[in-house]
Amino acid sequence: APGGAAFQAQARELHTNWHRRQAAKDEGVLDGFVQRDDARTTVMLCNFPFDYTRDMLIQDLDQEGFAGAYDFVYLPFDFKTRKCLGYAFVN
């Protein structure tokens, strides 16, 4: 399977952390919830065409000047239709 177990673990952690931040935000306690020494941020990109691929996303990121600036790219797709779901996460 593309990505393997390590990739799936990263995706699960990303999903779990997002829900924790949302819960903290809802309770008004987001300040100081996540403190890191580095400045890494995960962004969600939306509105991709359904025939877009992870390789196309990486190529576009590199062409826009982000080559080497990211360490994680997740573009989920439907296994049945083999089409992306229209959004991606980039760390």
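Here, the structure is the one placed above.
To keep things clear, this report deals only with the structure shown in the data block.

About the thresholds
Residues numbered from 1 in each chain as written. Predicted model: local features only at pLDDT ≥ 70, side-chain atom pairs only at ≥ 80, totals over all residues. Heavy atoms only, no water. Phe/Tyr/Trp six-rings, centres within 6.5 Å; stacked < 30°, edge-to-face > 60°. Buried < 20%, exposed > 50% of the residue type's maximum accessible area, 1.4 Å probe, protein only. Core = buried A, V, L, I, M, F, W, Y, C linked by side-chain atoms within 4.5 Å. Helix = DSSP H or I, 4+ residues; strand = E, 2+ residues; numbered from the N terminus. Pairing = 2+ DSSP bridges.

**Here we look at the packing of aromatic side chains**
This model, assessed by the stated rule, comprises 4 aromatic pairs. An angle of 20° between the planes, with centres 4.7 Å apart, marks the rings of F48 and Y52 as stacked. F48 sits in the buried class, given a relative accessible area of 15%. Using a relative accessible area of 12% as the deciding quantity, one classes Y52 as buried. Consider the rings of F77 and F79, whose centres lie 4.8 Å apart with planes at 50°: the pair is tilted. Taken together, the ring pairs connect Y74, Y87 and F89 into an aromatic cluster.

**A look at the nonpolar core**
Counting 11 residues, the largest nonpolar core consists of F48, Y52, L57, I58, L61, Y70, V73, L75, C84, A88 and V90. Put simply, the parts of the chain that give this core at least two residues each are α2 (54-66) and β5 (87-90). Ranked by residues supplied to this core, first place goes to α2 with 3 residues.

**Some remarks on unusual backbone geometry**
Not every positive phi belongs to a glycine, and N47 is a case in point at roughly 70°. Within the element layout of this structure, N47 appears in the loop between β1 (43-46) and α2.

**Side note on the sheet that holds strand β2 (residues 73-74)**
On the basis of which strands lie adjacent, the open sheet formed by 3 strands has the order β1-β5-β2 and antiparallel pairing. Each end of this open sheet is capped by a strand with a single partner; those strands are β1 and β2. In the sheet, β2 pairs with β5 via 2 bridges, with the strands oriented antiparallel. Counted as the bridge partner of V73 is V90 from β5.

**Points about the pairing of β5**
Across 4 bridges, β1 lies against β5 in antiparallel orientation. By the bridge assignment for β5, C46 is matched with Y87.

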